[in-house]
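Single-letter residue listing:
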Amino acid sequence: MQLDKLREYLSSVFGADVEVRYFGELGKRGIKPAKPRAKLKGFGYGVPYEIRFVVRRELKSVILETMRPGGFGHEHFSDRAGILLWQHSAFSRLPRHVKAVDVGAFTKDEGMKSLGDCEEFFVITQRVKGRPYFLDLDGVMERRQLAKQDRERCLVLSKYLVEIHSVKGDDAGLYIRRIRDLVGHGECIMGLCDSYPGGLEYISDNGLCKIERSCVDWRWRLKRKTHRVKQVHGDYHPWNILFRRGTGFSVIDRSRGEWGEAADDVSAMTINYLFYSLRTYGELRGPFEELFNLFWENYLNETGDQEILEVIQPFYAWRGLVVASPIWYPNLSLDVRVKLLNFVRNVLETERFSLGEINSYIKS
Ligand SMILES: Nc1ncnc2c1ncn2[C@@H]1O[C@H](COP(=O)(O)OP(=O)(O)OP(=O)(O)O)[C@@H](O)[C@H]1O
Ligand SMILES: [Mg+2]
């Protein structure tokens, strides 16, 4: 960190020229910076620093805090950003609590940027041309047969996962984080279970609790498989894929971490072939059975990853809870919802997922 960047930042926050008088780790001997471009050596994350400075002829003293990358849900830089943004928004509201002065970020050019007046964040992405893939599946449901392009597109989607999953990760902690999020994250299993209202005729709170418990057991089984950490998309479903002419496509909406479990992506796509088939035939059959098998067989042949059949179960449980959700899909028939929740329960009871057993998994 550079002194002149710090001075620039403080001046922008206090709206007047600032002179930095002292900078140092709290409780340790710090420095009285002489030269403007002095580097504040040994600056480290996760330790509090005191800064004394003069502004409008008043001497002020503040504490600069950052977070150390690491475990406990602080793996991603966005985790740490989220916690610090929250601290800034909540500290000053509690009686006797230290007041928050500002929240900010260190920039790539070693500058410091204030974010204290931010209310909500947004992301800007390029506009990609294309038609969401779910429209293809709507077409198959209507025609009840496959066109040549349906098979070709199914194959390129399977091959895409073979390609991205071929990049192995090296941080076991990120795999364990991903498996923990699968069970406890608001967008994942526990969040989905909480989104199911009470008093439903097709699943009770007790039924949801049983699913969660089984997923906790799976979590302890999967945590030992950190060798499987790979590059993933994280939300690989037909609404996040835009096809252009033929087999050209783009993906959007990557989610919940760059590194994780390949089964996350395979389950996110293939659950939809089952979902569409249940809405069309009440079972996995015909064109959707062909797409399901085409996708899976290509993936297993090209990756040789047979172990995925022993880890995909809780991911299928999550995706099953999404498509059976009365919130996400309010207009499903009772029959389809019951079969999807049977699928969730039965795959969790299955040591090794069998591609040939899908229609027995949907039975009660
Ligand atoms: N960069 C983009 N270019 C073209 N279309 C886009 C782009 N981003 C989003 N869309 C369109 O907007 C729709 C919703 O966007 P997005 O997937 O980001 O929302 P979402 O609410 O996160 O959905 P979900 O989490 O269910 O995937 C997409 O399905 C896609 O059709
Ligand atoms: Mg999306």
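Residues numbered from 1 in each chain as written. Chains lettered and ligands numbered in written order. Predicted model: local features only at pLDDT ≥ 70, side-chain atom pairs only at ≥ 80, totals over all residues. Heavy atoms only, no water.

*Asks:* Just to check I follow, could you spell out the overall build of the chain for this structure?
*Replies:* For the chain, the helix and strand inventory stands at twelve helices and ten strands. Dimensions along the principal axes, computed over C-alpha positions, put the chain at roughly 80 × 45 × 35 Å. With 364 residues in all, the chain has 47% of them scored as buried. Once local pairs closer than 6 in sequence are excluded, the contacts in the chain between residues at least 24 apart make up 66%. Accessible surface computed for the chain: about 19,500 Å², of which carbon and sulfur atoms make up 52%. Taking the average place of the 55 positive charges on the side chains of the chain and the average place of its 49 negative ones, the gap between the two points comes to 5 Å. (Helix = DSSP H or I, 4+ residues; strand = E, 2+ residues; numbered from the N terminus. Buried < 20%, exposed > 50% of the residue type's maximum accessible area, 1.4 Å probe, protein only. Contact = heavy atoms within 4.5 Å. Areas by Shrake-Rupley, 256 points an atom, 1.4 Å probe, with all protein chains shown as cover. Lys, Arg positive; Asp, Glu negative; His and termini not counted. Charge placed at Lys NZ, Arg CZ, Asp CG, Glu CD.)

*Asks:* Explanation requested: the coordination of the magnesium ion (ligand 2) in the structure shown.
*Replies:* Six octahedral donors around a metal ideally sit at 90 or 180 degrees from one another, while four tetrahedral donors ideally sit at 109.5 degrees. Those protein atoms acting as donors to the magnesium ion (ligand 2) are Asn 240 (OD1) and Asp 253 (OD), and they sit at 2.0 Å. Here the residue Asn 240 occupies a position in the loop between β7 (230-231) and β8 (241-243), and Asp 253 occupies one in the loop between β9 (249-251) and β10 (259-260), the gap between them amounting to 13 residues. The class for Asn 240 is buried, based on a relative accessible area of 4%. (Donors = N, O, S within 2.8 Å, 3.2 Å for Na, K, Ca; no water.)

*Asks:* Mind showing me how you'd approach unusual backbone geometry here?
*Replies:* Across residues other than glycine, the phi torsion is negative in most instances, and most of the peptide bonds are trans. The phi angle at Arg 56 is positive, at roughly 45°, despite the residue not being glycine. Topologically, Arg 56 is positioned in the loop between β2 (49-55) and β3 (58-64). A positive phi angle is found at Glu 110, which is not glycine, with a value near 65°. Following the sequence through the fold, Glu 110 ends up in the loop between β4 (104-106) and β5 (112-114).

*Asks:* I tried to follow the sheet that holds β3 on my own but got confused; where do I start?
*Replies:* Where strands meet in a sheet, backbone hydrogen bonds hold them as pairs that are either parallel or antiparallel. Taken together, the three strands give an open sheet; going across it, the order is β1-β2-β3, and neighbouring strands pair in antiparallel fashion. Edge positions in the open sheet fall to β1 (18-25) and β3, since each of these has one partner strand only. In this sheet, adjacent strand axes meet at a mean angle of 20° when their direction is disregarded. Alignment of β1 against β2, held across seven bridges, turns out to be antiparallel. Bridge pairing links Glu 25 to Tyr 49 in β2. Strands in contact with helix α1 (residues 3-14) are β1, β2 and β3; relative to β1, the strand with the most contacts, it is inclined by about 120°. (Pairing = 2+ DSSP bridges. Axes fitted to C-alpha atoms, helices over the stretch in contact; angles between N-to-C directions.)

*Asks:* Looking at this structure, I do not really get the site of ligand 1. What am I missing?
*Replies:* Around ligand 1 sit Thr 125, Gln 126, Arg 127, Val 128, Pro 132, Asp 235, His 237, Trp 239, Asn 240, Leu 242, Ile 252 and Asp 253, and that is every residue in its neighbourhood. Between ligand 1 and Gln 126 there is a distance of 2.7 Å, counted from a nitrogen atom to a backbone nitrogen or oxygen. Here ligand 1, which alone exposes 610 Å², has 54% of that area covered by the protein. Residue composition of the shell around ligand 1, by class: five nonpolar, four polar and three charged. (Near = heavy atom within 4 Å. Polar contact = N/O pair within 3.5 Å; in protein donor to acceptor, adjacent residues only side chain to side chain. Nonpolar A, V, L, I, M, F, W, Y, C, P; charged D, E, K, R; others polar.)

*Asks:* It is not clear to me how the sheet that holds β8 should be interpreted in this structure. Could you clarify?
*Replies:* Across the sheet, which stays open at both edges, the three strands sit in the order β6-β8-β9 with antiparallel pairing between neighbours. The open sheet has two edge strands with one neighbour each: β6 (131-132) and β9. The sheet contact formed by β8 and β9 spans three bridges and is antiparallel. What sits directly across from Leu 242, in β9, is Ser 250.

*Asks:* Got a minute to help me understand the domain arrangement of the chain in this structure?
*Replies:* Where interface size is given, it is often the accessible area lost as the parts come together that is meant. One can read the domain layout of the chain as domain 1 (3-30 + 43-114) and domain 2 (131-361). Between the C-alpha centres of domain 1 and domain 2 the distance comes to 42 Å. Contacts between the two partners involve six residues from domain 1 and, on the opposite side, five residues from domain 2. Here domain 1 and domain 2 share an interface that buries about 380 Å² over both sides, 47% of which is from carbon and sulfur atoms. Sorting the residues of domain 1 by area buried against domain 2 places Gly 73, Glu 75 and His 76 first, and these three jointly supply 89% of that buried surface. Counting across the interface, domain 1 meets domain 2 through two residue pairs in polar contact (both at pLDDT 80 or more). (Domains from an automatic or database assignment. Buried area = accessible area lost by both parts, 1.4 Å probe.)

*Asks:* How should I be thinking about the environment of Arg 345 in this particular structure?
*Replies:* Locating Arg 345 in the fold gives a position in helix α11 (residues 334-348). Sequence-wise, Arg 345 and Ser 214 are 131 residues apart; in three dimensions their C-alpha atoms are separated by 8.8 Å. A polar atom in the side chain of Arg 345 sits 3.1 Å from the side chain of Asn 342.

*Asks:* Explain the pairing of β2 here, please?
*Replies:* It is a general feature of regular strands that their side chains alternate between the two faces of the sheet. Burial within β2 is extensive, with six of its seven residues counted as buried. Pairing geometry for β2 and β3, over seven bridges, is antiparallel. Note that in β3 the partner of Tyr 49 across the bridge is Leu 64. Two successive antiparallel strands, β2 and β3, enclose a turn made up of two residues, where Arg 56 displays a positive phi of approximately 45°.

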